[in-house]
Amino acid sequence: MTDWIDIGTLADIPQRGARTLQIAGEKEIAVFRTGDDHVFALVNECPHKKGPLSQGIVHGHSVACPLHNWTIALRTGEAQGGDKGCTPTIAVRMEGDRILIAPPEQARAAA
Amino acid sequence: MDFQNNAGPETASEEALFMPSDDVREHMVVVGNGMAGCRAVEELLARDRDRYRVTIFGAEPHVNYNRIMLSPVLAGEKSFDDIIINSRDWYSDNNIELIAGDPVTAIDRAGKTVTSQSGRTVGYDKLLIATGSDPFIIPVPGKDLPGVISFRDMKDVDAMLEAAGKGGDAVVIGGGLLGLEAAHGLTLRGMKVTVIHLMDTLMERQLDEAAGWLLKSALEGRGQTILTGANTESIYGDGKVEGVRLKDGREIPASLVVMAVGIRPSTALAREAGLEVDRGIRVDDHMVTSDPDILAVGECVEHDGNVYGLVAPLWEMCRSLADGLTDRHSGYKGSVTSTKLKVAGLDVFSAGDFSGGEGCEDIVLRDASRGIYKRVVVRNDRIVGAVLYGDTVDGGWYFDLLKREEDVSGIRDLLIFGQAYAALGASGGGALDPKAAVAALSDDAEICGCNGVAKGQVVACIEKGACSLDAVRATCKASASCGSCTGLVENLLSVVLGDEVQSGPKTLCKCTSFTHDDVRREIVAQNMRSIPEVMQLLHWSTPDGCSSCRPALNYYLLCALPGEYRDDQQSRFVNERMHANIQKDGTYSVVPRMWGGLTSPRELRAIADVVEKYNAPMVKVTGGQRLDIFGIRKEDLPAVWADLNAAGMVSGHAYGKSLRTVKTCVGSEWCRFGTQDSTGLGVRIERMTWGSWMPHKFKIAASGCPRNCAEATIKDFGVVCVDSGYELHVGGNGGIHVRATDLLCKVATEQEALDHCAAFIQLYREEARYLERTAPWIERVGVDYVKSRIVEDEAGREALRSRFLYSQSFSQDDPWAQRAAGADSELHQPLEPPMPFGAIAAE
Ligand SMILES: Cc1cc2nc3c(=O)[nH]c(=O)nc-3n(C[C@H](O)[C@H](O)[C@H](O)COP(=O)(O)OP(=O)(O)OC[C@H]3O[C@@H](n4cnc5c(N)ncnc54)[C@H](O)[C@@H]3O)c2cc1C
Ligand code: HEM
Ligand code: SF4
Ligand code: FES
């Protein structure tokens, strides 16, 4: 069984926005909330030139990177359109209004 | 877990309708005389009438009634008698003993008995738990005050009706299905109702934002007050409810508070009996719990990780349960659900997964004139979800296609128009091709419902030379109103013209068929007030737009509704959201305003302190005559601003589609060539114009003589001072395509220079397209046009100027001061999980 981590409530994240999350020893995570209240977590780095995806404009289930406007699918981390690249994703589960994420591999091994 | 407001059978009219004497059949005891319990018994009887002797315990003092019809009872559309499912005769005809008004309080699995509140103990061979759900009561102070009611059973409805009889104000907490039905009923009963909803979208579990917005507007139109994004802090009152207080301090008076925030499976009894319980009572595919002699069904169960809150899944569960008990092996496989809101006159339907995303294609139809929004989500040629508002006749059809996982690629293009249209396409013999379907339509088939234009008319107008969508719109009005027939008209164009169709002017973005100018015109004409409203009324083809249209709409609304429109932060580019410029390493640069390029020891000291305190790796003098501090971390921004604010500095908006800087030269104060006080003028212009949002960035300069040291002739607005006054120049640009300004006019006084500047900016704000700088805008409309509005039309200039100043009265709030004071702090702070990592183990 996965040791899910409770990282807060839906209301902590602005709709069509994101917050970041730092777990020691891990890359910063961006936790997104879409217009229809789905929550996704990705490493906070664009596959292009590591732009902070958490700062982009969230539309549908995608985010537009703030640096050069690549569009990244939140569910898969894949760059859309003609662009190629993929950002690692982190599994998310909702329990009522609480957001739980699966710990990144490395951290789990250490735990 | 107890029953809120339902603490016991005080009306315990315990009834034994039928007492079996010496029946030797296996005894089945049912706990819960509700929709699932009784349906399970019905299914069982239908399969094998004689196998079990049945006893049903019910906490409520009633026969089984249709719980979902409590809403029409509350609304006065039905009476209790109308909603009874199983009358007393049903129990007696089937030899069922009903013990109503006496809840079961304990199960003894070893002895195979149950005991009720009144002390009755009954043995069982098979036990069926069908206890449904308990309303969830949010744990706020005052939740137990008299007058706080949930919405679950007939008793709650009676209590609401009693309160409504006295009139007054009611608050419904929870804007989901249940809450809105309660609010509707109470409104019809004459109460003034406020709905408090935690999320930004009503019924967010069932609806997307667009449909939620339509619903909200419709309910507001019916006199309800809907507060979304509203968090209840407490319920207050002395001995009884007097009102609800929100976290933001607002107080809403109310003599009745209906708590409808959600339900929790009623599992206490099962848990105490030691059955496996997670979110609900765990059951297998035949509804058997962890004890083979105990079954459970309905809302109280968890099957394959899912719990349900609607009746359709219960029916399926009951069939599998009865099959299992009578040795048939169908097995329950989980349910896909659909929802309809039961509020008369409001048609809302949703089914499946409409969250969109990867591999999903949204097909959206918006028909503003009829208040319709439809969205069908397709993945791998199969419908996976649907949201319908305003016109739900095709809900059942979509749901059916969804459940059967039918391949819809053949009807893909006509799908959104509904079953009738799709069938029409098919009967035209070319269901695979929307063009063929359109070609097959008869000449008098209506294409445009709004303007009543038939196919024959559209074809005639195309044949007479209208060879683009816009030309068709202009000549025969088809698709000129709501636009929902745009696809049909485009198909007709290509049927008639083949490849000669001309594409129209560029649309705002791929989400809409309207241009920037169309959108702006309609926003003003129809007095639109929010982004979802624009998207609905103008038939956006995506649910919440894209990174091109959202910032544009946000700006257009901001410009159209100064002081009224609430800026949508999530529709702004990062720099405008963070009030700083993002750099390629994700840090930010901060540029404090220096009025007209002037600074002072105090400001310079504050900047130097910030650079040291936050380890900024670089400070640079910008081309705009101010200082740029580089390498500030997102988390430090509010503190940096607080320090700069303390020295009297405000944001330089170096990040915005807004007024950037007013560059000046030293002018007549110091320079031997200077003709006027260009520095003072620059400062005054900057004081007047700072903080204004524009279609794009806007730069100003003022030079003291034609030597033009401030490079005013490559600015959006430039002043070149001369002996006899001020030359005003517009539309200049540095950058890749250098463009020198056009001379707008010459004025005699500084005040006139300021007035012309304000009027010019407002004209640009109101008429240029988003992300169009003044240079391309002026090339597009012509400098003569600008002169005709600013120079020749004095009254018009004055009107523009005063609109600008009015709008400025709202925008000259220093965003840094707001943030430094704590506004939007979540934008800067990372999430803080409630427990340190690793401390939480799964159950
Ligand atoms: C106002 C309202 C409107 C609704 N509208 C819709 C709708 O439009 N569409 C839809 O699909 N669904 C709707 N629902 C949901 C639907 O009513 C439920 O899904 C359904 O009633 C669940 O059936 P159930 O048998 O599991 O629970 P219930 O019908 O709640 O039956 C459980 C019964 O068990 C009794 N009980 C509990 N504990 C004990 C005990 N220890 N001993 C004895 N008896 C006990 C309870 O008193 C209750 O009578 C609505 C619900 C409400 C309240
Ligand atoms: C999107 C890309 C750009 C970014 C992020 C950017 C950023 C900046 C910043 C941060 C400044 C200093 C801030 C200030 O003093 O207001 C600046 C100044 C300036 N930029 Fe850019 N700029 C961009 C594109 C351009 C383009 C396309 C032009 C030419 C049209 C241009 C011309 C100038 C000039 C002339 C200045 C001097 C300051 C002034 O007069 O405002 N920049 N820019
Ligand atoms: S523009 Fe003219 S007045 Fe201003 S500094 Fe240059 S020479 Fe002097
Ligand atoms: S870093 Fe994201 S688009 Fe370039």
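Structure report, in brief. As the structure is a prediction and not an experimental result, all values here were calculated from the model.

**Considering helix 24 (residues 783-790) of chain B**
Residue and element names in this part refer to chain B.
Next up, step 1: Along helix 24, the positions that sit buried rather than exposed are V783, V786 and I790. End-on view of helix 24: buried residues confined to an arc of 55°, all on one side of the axis.
Next up, step 2: If you follow the buried residues of helix 24, they end up packed against strand 36 (742-747), helix 22 (750-767), helix 23 (774-781) and helix 25 (794-811).

**Re the site of ligand 2**
All names here are of chain B.
Next up, step 1: Not every one of the 15 residues close to ligand 2 is listed here, only the nearest: T622, R626, K699, N733 and G735.
Next up, step 2: Interatomic distance of 2.5 Å between a side-chain N/O atom of R626 and an oxygen atom of ligand 2.
Next up, step 3: Interatomic distance of 3.5 Å between a side-chain N/O atom of T661 and an oxygen atom of ligand 2.

**Comments concerning the packing of helix 22 of chain B against helix 23 of chain B**
For any two helices packed against each other, the geometry comes down to the angle between their axes and how far apart the axes lie.
Residues and elements named next belong to chain B.
Next up, step 1: Interhelical geometry of helix 22 versus helix 23 gives an angle of 80° and a closest axis separation of 11 Å. It follows that helix 22 is roughly perpendicular to helix 23 by the angle criterion. On helix 23, the residues that touch F760, L763, Y764 and E767 of helix 22 are T774, W777, I778 and R780.
Next up, step 2: Classifying every residue of the contact of helix 22 with helix 23 gives five nonpolar, one polar and two charged.

**Structural notes on the sheet that holds strand 31 (residues 627-632) of chain B**
Residue and element names in this part refer to chain B.
Next up, step 1: Strands sit in the order 28-29-31-30 across an open sheet of four strands; the sheet is antiparallel. Pairing within the sheet leaves two strands with one partner each, and these edge strands are strand 28 (581-582) and strand 30 (618-621).
Next up, step 2: The strands that helix 19 (residues 601-613) touches are strand 30 and strand 31; relative to strand 31, the one it contacts most, it runs at about 20°.
Next up, step 3: Contacts from helix 20 (residues 637-646) reach strand 29 (588-590) and strand 31 within the one sheet, and its direction differs from that of strand 29 by about 5°.

**Description of the interface of chain A and chain B**
Next up, step 1: Across the boundary between the two partners, chain A contributes 46 residues, which contact 44 residues of chain B.
Next up, step 2: Between chain A and chain B the total buried area reaches about 3700 Å² when both faces are included, carbon and sulfur atoms providing 55% of it.
Next up, step 3: With a closest N to O distance of 2.5 Å, R16 of chain A and E209 of chain B form a salt bridge.
Next up, step 4: Our count for the contact surface shared by chain A and chain B stands at seven residue pairs in polar contact (both at pLDDT 80 or more).
Next up, step 5: Counting only elements with at least two residues in the side of chain A that touches chain B, the list comes to strand 1 (5-9), strand 2 (17-21), strand 3 (29-33) and strand 5 (57-59) of chain A.
Next up, step 6: Considered class by class, the residues forming the side of chain A that touches chain B number 18 nonpolar, 16 polar and 12 charged.

**A word on the nonpolar core**
Next up, step 1: Ranked by internal contacts, the top residues of the largest apolar core, which has 66 residues, are F32 of chain A together with V519, V534, W540 and V590 of chain B.
Next up, step 2: Beyond its immediate stretch of four places on either side in the chain, V519 of chain B contacts L508, F514, V534, L538, W540, L553 and Y556 of chain B.
Next up, step 3: In terms of nonpolar packing, the next biggest core, distinct from the first, is built from 52 residues, F57, A100, V277 and L325 of chain B among them.

**Brief notes about the packing of helix 12 (residues 455-463) of chain B against helix 13 (residues 469-476) of chain B**
Residues and elements named next belong to chain B.
Next up, step 1: At a closest axis distance of 10 Å, the pairing of helix 12 and helix 13 adopts a crossing angle of 115°. The chirality of how helix 12 crosses helix 13 is right-handed. Counting all contacts with helix 12, which are made through V458, C461 and I462, the residues of helix 13 involved are V472, T475 and C476.

**With respect to the environment of S692 of chain B**
All names here are of chain B.
Next up, step 1: Among the structural elements, S692 can be located in the loop between helix 21 (678-689) and strand 33 (698-703).
Next up, step 2: The class of S692 is buried, set by a relative accessible area of 1%.
Next up, step 3: Ignoring any residue separated from it by four or fewer positions in sequence, one finds S692 in contact with K657, S658, L659, F804, Q808 and S811.

**So, the sheet that holds strand 6 (residues 121-123) of chain B**
Residue and element names in this part refer to chain B.
Next up, step 1: If you trace the three strands from one edge of the open sheet to the other, you get 4-5-6, paired in antiparallel fashion. The open sheet is flanked by strand 4 (104-108) and strand 6, the only strands paired with a single partner. Strand after strand, the sheet turns through a mean of 20° between neighbouring axes, direction not considered.
Next up, step 2: The pairing of strand 5 (residues 113-116) with strand 6 spans three bridges and is antiparallel. Bridge pairing links T115 to T121 in strand 6.

**Section: unusual backbone geometry**
Next up, step 1: Although it is not a glycine, D37 of chain A sits at a positive phi angle of roughly 65°.
Next up, step 2: You will see that H579 of chain B, though not glycine, has its phi angle at about 55°, which is positive.
Next up, step 3: Within the secondary structure layout, H579 of chain B lies in the loop between helix 18 (574-578) and strand 28.
Next up, step 4: According to the relative accessible area criterion, H579 of chain B is buried, its value standing at 7%.

Rules of the game
Residues numbered from 1 in each chain as written. Chains lettered and ligands numbered in written order. Predicted model: local features only at pLDDT ≥ 70, side-chain atom pairs only at ≥ 80, totals over all residues. Heavy atoms only, no water. Buried < 20%, exposed > 50% of the residue type's maximum accessible area, 1.4 Å probe, protein only. Helix = DSSP H or I, 4+ residues; strand = E, 2+ residues; numbered from the N terminus. Arc of directions from axis to C-beta. Contact = heavy atoms within 4.5 Å. Near = heavy atom within 4 Å. Polar contact = N/O pair within 3.5 Å; in protein donor to acceptor, adjacent residues only side chain to side chain. Axes fitted to C-alpha atoms, helices over the stretch in contact; angles between N-to-C directions. Parallel < 35°, antiparallel > 145°, perpendicular 65-115°, else oblique. Nonpolar A, V, L, I, M, F, W, Y, C, P; charged D, E, K, R; others polar. Pairing = 2+ DSSP bridges. Buried area = accessible area lost by both parts, 1.4 Å probe. Salt bridge = Lys/Arg side-chain N within 4 Å of Asp/Glu carboxyl O. Core = buried A, V, L, I, M, F, W, Y, C linked by side-chain atoms within 4.5 Å. Left-handed = near helix turned anticlockwise from the far one by under 90°.

Purely geometric numbers; function is a separate question.
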